[in-house]
Amino acid sequence: MRTTARVIVPIILVVAISLFVEGHNLPGGGFIGGVLTTTAFAVIYMAFGLDFLERGVLGRDVDPGKEPSRDRVVVVYRRLFAYGFAIAVASGLAPLVFDRPFLSQTFVILEGLPIYDHLEVASALAFDFGVYCVVVGGLLTILSVVGAE
């Protein structure tokens, strides 16, 4: 499982980022990118456990003889959920400042990028990022709380 996780998690994360970036023009976006990112974290959680998640991913010190606190991890996930929700709401309300309808968008075309070569970046990307954070934070909170039971 650990060997498979080391190979499969980077692939899942690359696909999640690709779907997230292309999501405002093609199928995908914040929701499916968030679900795939959560899947990668679930594989890490199953293969290496919460202790690895605390030390390796969140960068926290854990006493070797002491069981890691799931509450600290859940607080991080809930905070991610709250920040994502705030970003999504703010990106929806931002056009109102410029006397535009709620959730209206604009875009900029970037040329000559290394991977995509031609990329259209829409202001909807901010909303997608908020949805991404909400999905990752919410699903990882559920996974951690249910996994603790």
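Only a predicted model underlies this, so the values are computations on that prediction, with no experimental measurement involved.

Enquirer: Looking at this model, I keep getting lost on the packing of aromatic side chains. Mind explaining?
Expert: Any aromatic ring pair is given by two values, namely how distant the centres are and how the planes are angled relative to each other. With the rule as written, the count across this model stands at three aromatic pairs. Relative to Phe 129, the ring of Phe 20 has its centre 6.3 Å away and its plane inclined at 65 degrees; by these criteria the two rings are edge-to-face. Remark: Phe 129 occurs in helix α4 (residues 124-148) and Phe 20 occurs in helix α1 (residues 2-22); sequence separation between them is 109 residues. Overall, the relative accessible area of 14% leaves Phe 20 in the buried class. A centroid spacing of 5.4 Å and a plane angle of 50 degrees characterise the contact between Phe 20 and Tyr 132, whose relative ring orientation is tilted.

Enquirer: Any chance you could explain the UniProt feature "transmembrane region" (unreviewed entry) in the chain here in plain terms?
Expert: The UniProt feature table records "transmembrane region" (unreviewed entry) at residues 7-24, 30-50, 80-98 and 129-148. Taken end to end, residues 30-50 has its terminal C-alpha atoms 25 Å apart, with 100% of it in helix and 0% in strand. Taken as a whole, residues 80-98 contains 95% helix and 0% strand, while its terminal C-alpha atoms sit 28 Å from one another.

Enquirer: Please clarify how the nonpolar core should be interpreted in this entry.
Expert: Grouped burial of nonpolar side chains is what soluble globular proteins tend to show. If you look at the biggest cluster of nonpolar residues, it comprises 12 residues: Phe 20, Val 21, Phe 41, Tyr 45, Leu 50, Val 73, Tyr 77, Leu 119, Tyr 132, Cys 133, Val 136 and Leu 140. Only α1, α2 (30-57), α3 (70-97) and α4 provide two or more residues apiece to this core. With near-sequence residues (within four places) excluded, Val 136 lies in contact with Gly 34, Thr 37, Thr 38 and Leu 80. In terms of nonpolar packing, the next biggest core, distinct from the first, is built from eight residues, Ala 5, Val 9, Ala 40 and Val 43 among them.

Enquirer: Even after reading the chapter, I still don't get the layout of surface pockets, so can you show me in this structure?
Expert: In this approach a probe as big as a water molecule rolls over the atoms, and the regions it shows empty are the leftover space. Its volume calculated, the largest pocket comes out at about 240 Å³. Lining the largest pocket are 13 residues, with Ser 91, Pro 95, Ser 104, Gln 105 and Ser 123 sitting closest to its centre. Going through the elements one at a time, α3 and α4 are the ones with two or more residues in the lining of the largest pocket. Residue classes in the lining of the largest pocket are distributed as seven nonpolar, five polar and one charged.

Enquirer: I would appreciate a short explanation of the pairing of strand β1 (residues 107-113) in the present structure.
Expert: In the case of a regular strand, side chains alternate between the two sheet surfaces. Inspection of the sheet shows β1 paired to strand β2 (residues 117-122) by six bridges, in the antiparallel sense. In the strand pairing of β2, Phe 107 is matched with Ala 122.

Enquirer: Help me understand the environment of Gly 84 in this model?
Expert: Counting through the fold element by element, Gly 84 comes out in helix α3. Apart from the residues lying within four places of it in its own chain, the contact partners of Gly 84 are Gly 130, Cys 133 and Val 134.

The rules behind each value
- Counting restarts for each chain, with residues numbered from 1 along the sequence as it is written.
- Only residues with pLDDT of at least 70 are given local features in this predicted model, and only at 80 or more are side-chain atom pairs given and counted; all residues enter the totals for whole chains, interfaces and linings.
- With hydrogens and water stripped out, all remaining heavy atoms of the structure feed into the side-chain values.
- The pairing test for Phe, Tyr and Trp rings, Trp by its six-membered ring, is centres within 6.5 Å, and the orientation test on the planes gives stacked under 30 degrees, edge-to-face over 60, and tilted for anything in between.
- Segments assigned H or I by DSSP are reported as helices when at least four residues long, segments assigned E as strands when at least two residues long, and all are numbered from the N terminus.
- The buried label goes to any residue with under 20% of its type's maximum accessible area, the exposed label to any with over 50%, and the partly exposed label to all in between, with areas taken from a 1.4 Å probe on protein chains only.
- UniProt positions are given in the numbering used here, feature names are shortened, and annotations may be inferred rather than shown by experiment.
- Nine residue types can take part in a nonpolar core, namely buried Ala, Val, Leu, Ile, Met, Phe, Trp, Tyr and Cys, and a core is a set of them joined through side-chain atoms within 4.5 Å.
- It only takes one pair of heavy atoms within 4.5 Å for two residues to be counted as in contact.
- Cavities and pockets were defined on a 1 Å grid built from protein atoms only: a cavity is a group of points that admits a 1.4 Å probe but offers it no way out, a pocket is an open group of points flanked by protein on both sides within 12 Å along at least five of seven lines, and a lining residue is one with an atom within 4 Å of any such point.
- Grid points are joined across faces, edges and corners, and a volume is the space filled by probe spheres set on the points.
- For this classification, the nonpolar set comprises Ala, Val, Leu, Ile, Met, Phe, Trp, Tyr, Cys and Pro, the charged set comprises Asp, Glu, Lys and Arg, and every other residue, Gly included, is treated as polar.
- Pairing between strands is defined by DSSP: at least two bridges between the two strands are required.

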